[in-house]
Amino acid sequence: MYAQMVKSEGMKSGEEMSPEEKAFQERIDRGDKIEPKDWMPDGYRKTLVRQIGQHAHSEIVGQLPEGNWITRAPTLERKAILLAKVQDEAGHGLYLYSAAETLGVSRDELIEKLHDGRMKYSSIFNYPTLTWADMGAVGWLVDGAAIMNQVPLQRTSFGPYSRAMIRICKEESFHQRQGFAVMMKMASGTPEQKAMAQDALNRFWFPSLMMFGPSDKDSVHSAQSMAWKIKMNTNDELRQKFVDQTVPQAEYLGLTIPDDKLAWNEEKGGYDFSEPDWTEFFEVLKGNGPCNRERIAARRKAWDDGAWFRDGLNAYAEKRARRAPLAAAE
Ligand code: BYC
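Residues numbered from 1 in each chain as written. Predicted model: local features only at pLDDT ≥ 70, side-chain atom pairs only at ≥ 80, totals over all residues. Heavy atoms only, no water.

Draft legend 1. Here's a closer look at the overall build of the chain. The number of helices and strands found in the chain is 13 helices and two strands. Relative to its length of 330 residues, the chain is compact, with a C-alpha radius of gyration of 22 Å against a globular reference of 20 Å. Seen through its C-alpha atoms, the chain measures out along the principal axes to roughly 75 × 55 × 35 Å. In the chain, which comprises 330 residues, the share counted as buried stands at 48%. By sequence separation, contacts in the chain at least 24 residues apart represent 78% of the contacts at least 6 residues apart. Carbon and sulfur atoms make up 55% of the accessible area of the chain, which amounts to about 16700 Å² in all. (Helix = DSSP H or I, 4+ residues; strand = E, 2+ residues; numbered from the N terminus. Rg over C-alpha atoms; globule rule 2.2 N^0.38 Å. Buried < 20%, exposed > 50% of the residue type's maximum accessible area, 1.4 Å probe, protein only. Contact = heavy atoms within 4.5 Å. Areas by Shrake-Rupley, 256 points an atom, 1.4 Å probe, with all protein chains shown as cover.)

Draft legend 2. Region of the structure containing helix α11 (residues 278–288). Burial in α11 covers these residues: W278, F281, F282 and V284. Looking straight down α11, one finds its buried side chains confined to an arc of 150 degrees; they lie on one side. Among the exposed residues of α11, those pointing more than 90 degrees away from its buried face are T279 and K286. Looking at the buried side of α11, the elements it contacts are α8 (191–210), α10 (235–253) and α12 (292–305). (Arc of directions from axis to C-beta.)

Draft legend 3. Structural context of the nonpolar core. Formed by 43 residues in total, the largest nonpolar core has its most connected members in W132, W140, L141, W205 and F242. Elements supplying a minimum of two residues to this core: α4 (76–101), α6 (133–153), α7 (159–187), α8 and α10. Considering every element that reaches this core, the biggest residue donor is α6, with nine residues. Sequence-distant contacts of W132, defined by excluding residues within four places in its chain, comprise W69, A73, P74, R78, L82, V182, M186 and M196. In this structure, I60, V105, L110 and A164 belong to the second largest nonpolar core, which totals 27 residues. (Core = buried A, V, L, I, M, F, W, Y, C linked by side-chain atoms within 4.5 Å.)

Draft legend 4. Examining the packing of helix α2 (residues 42–61) against helix α5 (residues 107–115) more closely. Orientation of α2 relative to α5, taken along the N-to-C sense of each, is 70 degrees, at an axis distance of 11 Å. In terms of axis orientation, α2 runs roughly perpendicular to α5. Counted together, V49, H57 and V61 of α2 and L110, I111 and L114 of α5 form the full contact between these two elements. Residues that form the contact of α2 with α5 fall into these classes: five nonpolar, one polar and no charged. (Axes fitted to C-alpha atoms, helices over the stretch in contact; angles between N-to-C directions. Parallel < 35°, antiparallel > 145°, perpendicular 65-115°, else oblique. Nonpolar A, V, L, I, M, F, W, Y, C, P; charged D, E, K, R; others polar.)

Draft legend 5. Geometry of empty space enclosed by the protein. Within this structure, the stated rule accounts for two cavities of 30 Å³ or more. Here the second largest cavity is characterised by a volume of approximately 30 Å³. Along its surface, the second largest cavity is lined by P65, I124, F125, Y127, T129, V138, V142 and F204. Of the residues contributing to the lining of the second largest cavity, the split by class is seven nonpolar, one polar and no charged. (1 Å grid on protein atoms, 1.4 Å probe; cavity = no way out; pocket = protein on both sides within 12 Å on 5 of 7 lines; lining within 4 Å. Points joined across faces, edges and corners; volume = space filled by probe spheres on them.)

Draft legend 6. Molecular detail of the packing of aromatic side chains. Enumeration over the complete set of coordinates arrives at twelve aromatic pairs. With centroids separated by 4.9 Å and ring planes inclined at 75 degrees, the aromatic side chains of F24 and Y44 adopt a geometry described as edge-to-face. Residue F24 is located in helix α1 (residues 19–30), and its partner Y44 is located in helix α2; the two are separated by 20 residues in the primary sequence. Y44 sits in the buried class, given a relative accessible area of 0%. Summarising the aromatic geometry, the rings of W264 and Y271 are spaced 5.0 Å apart at their centres and angled 80 degrees between planes, so their arrangement reads as edge-to-face. A relative accessible area of 44% places W264 in the partly exposed class. An aromatic cluster of three or more residues is present, and its members are F24, W39, Y44 and W228. Across the ring face of W69, the terminal group of R72 is positioned such that the distance to the ring centre comes to 4.0 Å. (Phe/Tyr/Trp six-rings, centres within 6.5 Å; stacked < 30°, edge-to-face > 60°. Lys NZ or Arg CZ within 6 Å of the ring centre and 35° of its normal.)

Draft legend 7. Broad picture of the pattern of salt bridges. Applying the stated criterion across every chain, the model contains 19 salt bridges. The closest approach of N and O atoms between K46 and D42, which form a salt bridge, is 3.3 Å. Within this pair, K46 and its partner D42 are both found in helix α2, separated by four residues, close to a single helical turn. Residues R203 and D199 are paired through a salt bridge, measuring 3.1 Å at the closest nitrogen-oxygen approach. Within this pair, R203 and its partner D199 are both found in helix α8, separated by four residues, close to a single helical turn. (Salt bridge = Lys/Arg side-chain N within 4 Å of Asp/Glu carboxyl O.)

Draft legend 8. Here's a closer look at the environment of V138. In this fold, V138 is placed in helix α6. In this structure V138 comes out as buried when scored by relative accessible area, which is 5%. Leaving out residues up to four positions away in the same chain, V138 has contacts with E66, T129, D143 and F204.

Structure representation (structure tokens):
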């Protein structure tokens, strides 16, 4: 079973809903934002914790493949830019953990579930970054795919998630442009540099298409999540938009998308393209991708190494809380 935490139970019809559920759905349909203290169905809360939590984990685990290149960036300027980008990802993770916490789950609980495999993070971060050109491909394709998914999420129905997405999207578009700038430099460089750029595109193309999730027929959560406006589009809709946006960019770079079936389809006004290898996708989700074990081991180590710091912060917070009543009494 590749979908593990929250089972989407199938959607209720209007008649099956309780009066509270009906009123809730009417609020969603009107476009109201739902805030943390508002009444919400249990499934809505659980779905949000699952999606926002996984999204937060993706931002944090997503630092690892890029962090790998900070010490090896080709110039000081590139190093400073990459460092800033990786720091931004940490910030995105923190906004998202905070949004999830408003739903009554603690950050520690979410992190524990990541570490023991009960929660996922984006499949893309289980692929290695082998050359500097991969920093270009990650920014251009991975952040490009992320933005395609995240721009509509600015209108998601849960207020704290929507507000977090507005901030994140601003930074994400800078990330995508820095990736494209790296690709432009590489693609217009020496033949060896252009070959590195092409190789990075070859390796990251299909994993980037997988970021949008399984095809609609296999997406267990889409129908309910869209009815609740937790998701605004289906996985296939966003994947199509991403391909349509990215193909002309590859042409501009003089690079070839590694797909023989890629062809403009006049009738649908979009590209036809090959499906990713879904067997590979489900294997990555099960923990068998090229870097799954390495990524989780790195996160566990960071958590263990930071224990002394968290203990210190907690001890300080307790001390302050003990002193507060005394200070008030003086
Ligand atoms: N990877 O019914 P479905 C970033 C899981 S980070 C892993 O379609 P849903 C960045 C899915 O969770 C970008 N798992 O699910 C950071 C579910 O399993 P569970 C992260 C995937 O939720 C640093 C099962 O498959 N963005 O931008 O309706 C550097 C069934 O799928 C994936 C977000 O997280 C996957 N690719 O739709 C650079 C965006 N796809 O949970 C960049 C927010 C599916 O039942 N999330 N699964 O065990 C979403 O929009 C949706 O959760 C998804 C999946 C479209 C990803």
